[in-house]
Amino acid sequence: MKSRSRTATLTIGELAERFDLATHVLRHWEAVGLLAPARTGNGRRRYRPVDLYRVAAILQAKEAGLALNDIHAMFSTPDPATRAAILRRERDNLAQRIADAQSSLALIEAALRCRHGDVATCPHFQALLAERAGTNEH
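All figures in this text were calculated on a predicted structure; none of them were measured in a lab. Each chain carries its own residue numbering, running from 1 in the written order of its sequence. Only residues with pLDDT of at least 70 are given local features in this predicted model, and only at 80 or more are side-chain atom pairs given and counted; all residues enter the totals for whole chains, interfaces and linings. With hydrogens and water stripped out, all remaining heavy atoms of the structure feed into the side-chain values.

Topic: the pattern of salt bridges
Phase 1: Salt bridges are defined as contacts in which a side-chain nitrogen from Lys or Arg sits within 4 Å of a carboxyl oxygen from Asp or Glu. Applying the stated criterion across every chain yields a total of six salt bridges.
Phase 2: The closest approach of N and O atoms between E30 and R39, which form a salt bridge, is 2.6 Å.
Phase 3: The classification of residues rests on relative accessible area computed with a 1.4 Å probe and restricted to protein chains. Under 20% of the type maximum is buried, over 50% is exposed, and intermediate values are partly exposed. According to the relative accessible area criterion, R39 is partly exposed, its value standing at 41%.
Phase 4: The salt bridge involving D51 is made with R48; its shortest N-O contact spans 3.3 Å.
Phase 5: In this structure D51 comes out as buried when scored by relative accessible area, which is 5%.
Phase 6: Several salt bridges converge on common partners, so that one network encompasses E30, R39 and R45.

Here it is, written out as structure tokens:
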């Protein structure tokens, strides 16, 4: 496999293939201001090494649950306080989703350990659902 130099550029098709994306996704990201590829004399897009990192960051941010407008704001704001506020809000959202997923995992694990005929009658399963069912006594 040929290695590319750090200054080599990629076509939109090459970049899309590298990240397993459709080219229209890259065009959309450009339209909303997330990407700004260089252009050749005839107007063709040429993606530089910095664009590879930008696409990787966009994908990672999307996987973390950020919306494109928040990703754009995070990348484009010159104000560190604004960027930090966006990142703190998204960190808090992600932490909540993780906590929810861990709670769901605990419920599934309890159901897997249940040896009752009906999982809903299992005491361990019910204990995990007590608060939601409104039967949690303190």
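Structural notes on the packing of aromatic side chains
Phase 1: Each pair of aromatic rings taken from Phe, Tyr and Trp, with Trp reduced to its six-membered ring, is defined by centres within 6.5 Å and is described as stacked if the planes are under 30 degrees apart, edge-to-face if over 60, and tilted in the remaining cases. Taken as a whole and assessed by the stated rule, the structure comprises zero aromatic pairs.
Phase 2: We call a charge positioned above a ring when the Lys NZ or Arg CZ atom is no farther than 6 Å from the ring centre and deviates by at most 35 degrees from the ring normal. A cation over a ring is seen here: R54 above F75, with NZ or CZ 4.3 Å from the ring centre.

Some thoughts on the side chain of E90
Phase 1: Secondary structure elements are defined from DSSP: runs of H or I of at least 4 residues count as helices, runs of E of at least 2 residues count as strands, and each element is numbered from the N terminus. Relative to the elements of secondary structure, E90 occurs in helix α5 (residues 80-113).
Phase 2: Whenever two N or O atoms come within 3.5 Å, that pair is a polar contact, provided that in protein one can donate a hydrogen and the other can accept it, and provided that, for residues adjacent in sequence, both atoms are side-chain atoms. Among the polar contacts listed, one links the side chain of E90 to the side chain of R89, at a separation of 3.4 Å.
Phase 3: In what follows, residue pairs with any heavy atoms lying within 4.5 Å of each other are defined as contacts. Residues within four places of E90 in sequence aside, it is in contact with G65, L66 and D70.

Observations concerning the side chain of T77
Phase 1: Within the fold, T77 resides in the loop between α4 (68-76) and α5.
Phase 2: Ignoring any residue separated from it by four or fewer positions in sequence, one finds T77 in contact with T82 and R83.

Quick look at the packing of helix α1 (residues 12-19) against helix α3 (residues 49-63)
Between two packed helices, the angle of one axis relative to the other and the distance separating the axes together describe the packing.
Phase 1: The contact between α1 and α3 brings their axes to 11 Å, and the two run at 40°. Comparing their axes, α3 and α1 come out oblique. Seen from above, α1 lies across α3 with right-handed handedness. Between α1, through L15, R18 and F19, and α3, the contact on the second element is made entirely by L52, V55, A56 and L59.
Phase 2: By residue class, the composition of the contact of α1 with α3 is six nonpolar, no polar and one charged. Only C-alpha atoms enter the line fits that serve as axes; for helices the fit covers just the stretch in contact. Angles between N-to-C directions range over 0 to 180 degrees. Orientation labels follow simple angle bins: below 35 degrees gives roughly parallel, above 145 gives roughly antiparallel, 65 to 115 gives roughly perpendicular, and whatever is left gives oblique. Rotating anticlockwise by less than a right angle from the far helix to the near helix defines a left-handed crossing, while the corresponding clockwise rotation defines a right-handed one. Three categories are distinguished: nonpolar for Ala, Val, Leu, Ile, Met, Phe, Trp, Tyr, Cys and Pro, charged for Asp, Glu, Lys and Arg, and polar for the others, with Gly belonging to the last.

Description of the environment of T9
Phase 1: Residue placement: T9 occurs in the segment before α1.
Phase 2: A sequence separation of 107 residues divides T9 from H116, and the C-alpha atoms of the two residues are 62 Å apart.
Phase 3: In terms of polar contacts, T9 uses its side chain to reach the side chain of R46, at 2.8 Å.

Quick look at the packing of α3 against α4
Phase 1: It is at 10 Å that the axes of α3 and α4 come closest, and there the two elements cross at 130°. Judged by the angle between their axes, α3 and α4 are oblique. When the axes of α3 and α4 are compared, the crossing they make is right-handed. Contacts between α3 and α4 pair R54, A57, I58, A61 and K62 from the former with L68, I71 and F75 from the latter.
Phase 2: The residue makeup of the contact of α3 with α4, split by class, is six nonpolar, no polar and two charged.

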